[in-house]
Amino acid sequence: MGDMANNSVAYSSVKNAVKEANHGDFGVTLAELRSLMELRAADALHKIQECYGDVHGICTKLKTSPNEGLSGNPADIERREAVFGKNFIPPKKPKTFLQLVWEALQDVTLIILEIAAVVSLGLSFYQPPGGNESLCGSVNVGEEEEESEAGWIEGAAILLSVVCVVLVTAFNDWSKEKQFRGLQSRIEQEQKFTVIRGGQVIQIPVADIIVGDIAQVKYGDLLPADGILIQGNDLKIDESSLTGESDHVKKSLDRDPMLLSGKKQDGAVENRNKAKAQDGAAMEMQPLKSEDGGDGDEKDKKKANLPKKEKSVLQGKLTKLAVQIGKAGLLMSAITVIILVLYFVIDTFWVQKRPWLAECTPIYIQYFVKFFIIGVTVLVVAVPEGLPLAVTISLAYSVKKMMKDNNLVRHLDACETMGNATAICSDKTGTLTMNRMTVVQAYINEKHYKKIPEPEAIPEKTMAYLVTGISVNCAYTSKILPPEKEGGLPRHVGNKTECALLGLLLDLKRDYQDVRNEIPEEDLYKVYTFNSVRKSMSTVLKNSDGSFRIFSKGASEIVLKKCFKILSANGEPKVFRPRDRDDIVKTVIEPMASEGLRTICLAFRDFPAGEPEPEWDNENDIVTGLTCIAVVGIEDPVRPEVPDAIKKCQRAGITVRMVTGDNINTARAIALKCGILNPGEDFLCLEGKDFNRRIRNEKGEIEQERIDKIWPKLRVLARSSPTDKHTLVKGIIDSTVFDQRQVVAVTGDGTNDGPALKKADVGFAMGIAGTDVAKEASDIILTDDNFTSIVKAVMWGRNVYDSISKFLQFQLTVNVVAVIVAFTGACITQDSPLKAVQMLWVNLIMDTLASLALATEPPTEALLLRKPYGRNKPLISRTMMKNILGHAFYQLVVVFTLLFAGEKIFDIDSGRNAPLHAPPSEHYTIVFNTFVMMQLFNEINARKIHGERNVFEGIFNNAIFCSIVLGTFVVQLISTIPTSRLKFLKEAGHGTQKEEIPEEELAEDVEEIDHAERELRRGQILWFRGLNRIQTQIRVVNAFRSSLYEGLEKPETRSSIHNFMTHPEFRIEDSEPHIPLIDDTDAEDDAPTKRNSSPPPSPNRNNNAVDSGIHLTTDKNKSATSSSPGSPLHSLETSL
């Protein structure tokens, strides 16, 4: 780890350019800058000296001041953007909606369906040529016109539902993509960078940086553009993503001043830097030329090489389940098709001993297509294509809502993994505490003050050391600003610990700004910036007489070890022995720490003028032999809402561990306040050193079994380095102590937390205090840095898991019932009771809408009362299995009762064994309706999956759910009412419908058509007339006696006029009802019966009136085939 402080970086390079030729009135062109940025180290230095003199020469040519920055006037900024372009890489074009539709169409089941539908459509328009159809088996070939016209509906409906499924899927993907882009742009907008404009240090979005900007780079920053160093201290850059070189590259003015964008700045945390960013990018990408274009590719490569996190728990389980269901569905559909085909072939060619005739082939093919469609339908119903939909909807919905709970989710699946978390390793500062540090105790001049002393109590000499030491040896970026609102607290900007020290000066009625004005940042001779290994920071000042003074501050026990003197009561240094040091540790530092204070030691050292100048790069020799000025205790109060949140976690089966850089006493005190440690529990609190000693063997290698002995009891890890944090996380994840693998969440804010954040199952970065590097490595960003937001994330994660389980319970019930019904129905009655279109409707409506309804259930606190599911627990719990099977059994009983006994219960025609293109029957409509209604109410049952009794609890909190259930109900009602009942939907421009034509007109029509024929058969007609009188009287009686006529009133027995012409034998019987109309006298007689039964002209209707016993039964079962020539009924009629 390097360090660095005031790094001023002049950024110069340009990503892409628009107007190469016109470089305005700047002394340097875009192409020159670009070629300059292609050079490295010595070459670059040589080029700068040759062309520009030095870095300041470039500044002059770019019309910018190294100290004041750009003027910031809008016209200048616009001009620079026009000449050099913007610092912005245009995003990849999103997939268009059509591309997404095309992708959705690639689904195998959908392709099968499309083929089936097209075949079905084609065959419905194909009319087999006339011939002796009776030879082709029980095929209703001379079917009525309107039925053959309706044959296309099924194919069309299948295609329509395919279109719906595809559009819904595509829309979902599209909205997910859109949300994700919104998220990305939010993250990008939040990424700001510090630049100097008009002498003011301001933060601007990265995209607004322009060529000529002077930028300040601090520890942990990702460089937002290419640039050139103007001034810096101990600046080291991680260029591994560009060069593959893992060592940090040292940058300095005299060796290598070139900084490339996208690199991590490494070195100290806080450091002051000025950097001049001249950089820009334009509209067209020129990756080869433009430094940054190339760099973009590098970044992508880097991302691609990262080890993929294993699939989220839920994804893994769902994939497995989907494959199992798919296989089962495929098997069932194959068996269905085979059984249907075999049954048909054996029945037609074996039992009925029919030959295969060429002219019958089309009809047989139609049968086979019908069977194939039934098979595909079974498959479609079996495959729960609503599942991926439910998952996306649920995740997208949760992610949107989590934004309100201060969780910015960067990776969708993190949200669901969080529901399975069993361990949370949390930072202390800022997450569990408020990160508003204040100095509350101090040990100055050998006296321990329990509260901040009055300024008069401190000797002037000590005060001078204190004021200069704190003002100079705190990053100049740390400041205390006046409060934003009247009466509010002053604002702390920069490092919070340093702000506490600056606050101490303000409490002592001294102003740090005066000192900083006197000693500006440029005059600091050398800065050793803070880092997590040394836990200290030092600044060297050169005095006018040539002597040096170094101020140091850091973790008290570490800095005190380097102190050989201490300021006594009168402000003079006196000898400080190890014995005295132990006294201070016992009497001052430990009591402070046990109250939860962070202790910081302030010290200084003088290098006299006469001695040779020390070797500044050797930090250990320089920061030693110090004189202690004071030890201060800084308090960071616990956030008031944290103890409660931690209790919730513990109740939910999640262990919270604190991993902090603070000392062990402070950490233990805070852990007790938070409730991470509870008195009387068996737990471990370790320091990083101890932890490392315990987990390593003699060779210094980490052993998993050693970690396994420690981590289950470990609650606090103090004075830990980032590597310790990574080791702990890795140790817990790889552990096999418990049968369940642990799912670990980690919070981090520093650059060095990156590896731990990446390693964890879910990494939380701090949105306010976190560095860019930490945010890059994380899965979720906590926009308020608050631990309670993590608990909210757990709640949402569990809710996603539950939503999907709810949907599964619902979906599998539908699937089990539908598959069994289709399968048995097809095998017993040669036709699926639920038609392809109906199944698709169930699938579409139930799956898509139910997934929306069940996936948007809001989470409740009750989710935190149970333990995590763990990785190995099956997706479908015992309770769910019980619910699924119980419901399926109940639904099957109802459906089969209706299927096989429905016609008796409701006294209607049976819909079973209908011929090829038979129109829909009332019987099957009832079955379908009941099936759908049962699913609809099962949707309400599916809301609870943990065996709760009350399924209605909180149902009105979810408006989406209520509206979907209601909507589905209404649509289902409308879709199953026969159109003939919906008189108000009169079709426009279709002429009058048959029902609307008065009977007399119809009869006259018939009479005209049959006039010639009747001349030939005058005798027969006279005979029929007499018969008709008797018949009419019987009909009147019958009409009043029973409601059988209504039973005959079905559309399937209705026939069109044209049919009379195709079968001349029927003509006489069919005109019987109207014969009396030839006599005016009979007309009145017959009218009442007409009004009662209003039978439309149809074959063998009247005979039924005479001899209702025989004919009604035959008519019911053979509604369409009974009057074919050669049937016994036909001979009966003619004998009459």
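Right above here is the structure, for reference.
Now for a description of the structure that goes with this document. No experiment lies behind these values; they were computed from the predicted model shown.

1. Here we look at a nonpolar patch on the surface
Inference 1: A surface patch of nonpolar side chains, amounting to about 440 Å² of accessible area, comprises Phe97, Val163, Leu167, Phe171 and Trp174.
Inference 2: No other element matches helix 7 (residues 145-190), which puts 4 residues into the nonpolar patch.
Inference 3: For Phe97, the location among the structural elements is in helix 5 (residues 97-104).

2. Describing the sheet that holds strand 28 (residues 762-766)
Inference 1: Taken together, the 8 strands give an open sheet; going across it, the order is 11-29-28-27-12-24-26-25, and neighbouring strands pair in mixed fashion. The open sheet has two free edges, formed respectively by strand 11 (407-409) and strand 25 (684-687), since each of these has just one partner strand. Averaged over all neighbouring strand pairs, the angle between strand axes comes to 20°, with direction disregarded.
Inference 2: Where strand 27 (residues 744-748) meets strand 28, 4 bridges bridge the pair, whose relative direction is parallel. Bridge assignment links Val746 to a residue of strand 28, and that residue is Gly763.
Inference 3: Across the face of the sheet, helix 22 (residues 688-695) comes into contact with strand 25 and strand 26 (714-718) while running at roughly 100° to strand 25.

3. Digging into the nonpolar core
Inference 1: Met418, Phe764, Phe787 and Leu808 are the most contacted members of the largest nonpolar core, which totals 100 residues.
Inference 2: Ranked by residues supplied to this core, first place goes to helix 27 (residues 787-829) with 20 residues.
Inference 3: Listed in part, the 38 residues of the second largest apolar core include Tyr449, Ile480, Leu501 and Ile634.

4. Brief notes about the environment of Phe969
Inference 1: Inspection of the secondary structure puts Phe969 in helix 31 (residues 959-976).
Inference 2: The partly exposed category is assigned to Phe969, whose relative accessible area is 32%.
Inference 3: What Phe969 contacts, discounting residues up to four positions off in sequence, is Met933 and Leu936.

5. Quick word on the pairing of strand 20 (residues 563-567)
Inference 1: With 3 bridges joining them, strand 20 and strand 23 (residues 626-635) adopt parallel strand pairing. Following the sheet pairing, Ile566 is matched in strand 23 by Cys628.
Inference 2: Pairing analysis gives 3 bridges linking strand 20 to strand 21 (residues 573-575), with the strands arranged antiparallel. Bridging from a neighbouring strand, Leu567 pairs with Pro573 of strand 21.
Inference 3: Two successive antiparallel strands, strand 20 and strand 21, enclose a turn made up of 5 residues, where Gly571 displays a positive phi of approximately 95°.

6. With respect to a positive patch on the surface
Inference 1: Taken together, the side chains of Lys178, Lys400, Lys401 and Lys404 present a region of like positive charge at the surface.
Inference 2: Its location among the elements puts Lys401 in helix 12 (residues 386-404).
Inference 3: Take Lys401: its relative accessible area is 30%, and that puts it in the partly exposed class.

7. Concerning the pattern of salt bridges
Inference 1: One pass over the structure, following the stated rule, counts 27 salt bridges.
Inference 2: We note a salt bridge from Arg510 to Glu460, for which the minimum N-O separation is 3.9 Å. Of this pair, Arg510 sits in the loop between helix 15 (496-507) and helix 16 (512-518) while Glu460 is found in helix 14 (residues 460-472), placing the two residues 50 residues apart along the sequence.
Inference 3: Lys713 is the salt-bridge partner of Asp682, the closest N and O atoms lying 2.9 Å from each other. Of this pair, Asp682 sits in the loop between helix 21 (664-674) and strand 25 while Lys713 sits in the loop between helix 23 (704-710) and strand 26, placing them 31 residues apart in sequence.
Inference 4: When its relative accessible area of 55% is taken as the criterion, Asp682 is described as exposed.
Inference 5: Of the residues examined, Lys713 reaches a relative accessible area of 38% and is grouped as partly exposed.

8. Some words on the environment of Arg694
Inference 1: Considering the arrangement of structural elements, one finds Arg694 in helix 22.
Inference 2: Each C-alpha atom of the pair Arg694 and Arg706 lies 6.9 Å from the other, and the pair is 12 residues apart in sequence.
Inference 3: Ignoring any residue separated from it by four or fewer positions in sequence, one finds Arg694 in contact with Leu684, Leu686, Arg706 and Ile710.

9. Considering the pairing of strand 3 (residues 200-205)
Inference 1: Bridge count for strand 2 (residues 192-197) against strand 3 is 6 bridges, and the pairing is antiparallel. Bridged to Thr194 within strand 3 is Gln203.
Inference 2: The turn joining strand 2 and strand 3, which pair antiparallel and follow one another in sequence, is formed by 2 residues; a positive phi near 60° is taken by Gly198.

10. As for the packing of aromatic side chains
What describes a pair of aromatic rings is the distance from one ring centre to the other and the angle between the planes of the rings.
Inference 1: Scanning the model with the defined rule gives 20 aromatic pairs in all.
Inference 2: Look at Phe548 and Trp616: their rings are 4.9 Å apart centre to centre, the planes differ by 75°, and that puts the pair in the edge-to-face class. Of this pair, Phe548 sits in strand 19 (residues 548-555) while Trp616 sits in the loop between strand 22 (597-607) and helix 19 (619-622); the two residues are 68 residues apart in sequence, bridging distant segments of the chain. The burial state of Phe548 is the same as that of Trp616; both residues are buried.
Inference 3: Site record: aromatic cluster; members linked through ring pairs are Phe344, Phe349, Trp356, Tyr364, Tyr367, Phe368 and Phe371.
Inference 4: Here Lys63 stacks its cationic end above the ring of Phe26, 5.8 Å away from the centre of that ring.
Inference 5: Positioned above the aromatic ring of Phe961 is the side chain of Arg943, whose terminal nitrogen or guanidinium carbon lies 5.5 Å from the ring centre.

What counts, and where the lines are drawn
Residues numbered from 1 in each chain as written. Predicted model: local features only at pLDDT ≥ 70, side-chain atom pairs only at ≥ 80, totals over all residues. Heavy atoms only, no water. Patch = residues over 30% accessible without salt bridge, like charges linked within 9 Å, V, L, I, M, F, W, Y side chains within 5 Å. Areas by Shrake-Rupley, 256 points an atom, 1.4 Å probe, with all protein chains shown as cover. Salt bridge = Lys/Arg side-chain N within 4 Å of Asp/Glu carboxyl O. Helix = DSSP H or I, 4+ residues; strand = E, 2+ residues; numbered from the N terminus. Pairing = 2+ DSSP bridges. Axes fitted to C-alpha atoms, helices over the stretch in contact; angles between N-to-C directions. Contact = heavy atoms within 4.5 Å. Core = buried A, V, L, I, M, F, W, Y, C linked by side-chain atoms within 4.5 Å. Buried < 20%, exposed > 50% of the residue type's maximum accessible area, 1.4 Å probe, protein only. Lys, Arg positive; Asp, Glu negative; His and termini not counted. Charge placed at Lys NZ, Arg CZ, Asp CG, Glu CD. Phe/Tyr/Trp six-rings, centres within 6.5 Å; stacked < 30°, edge-to-face > 60°. Lys NZ or Arg CZ within 6 Å of the ring centre and 35° of its normal.

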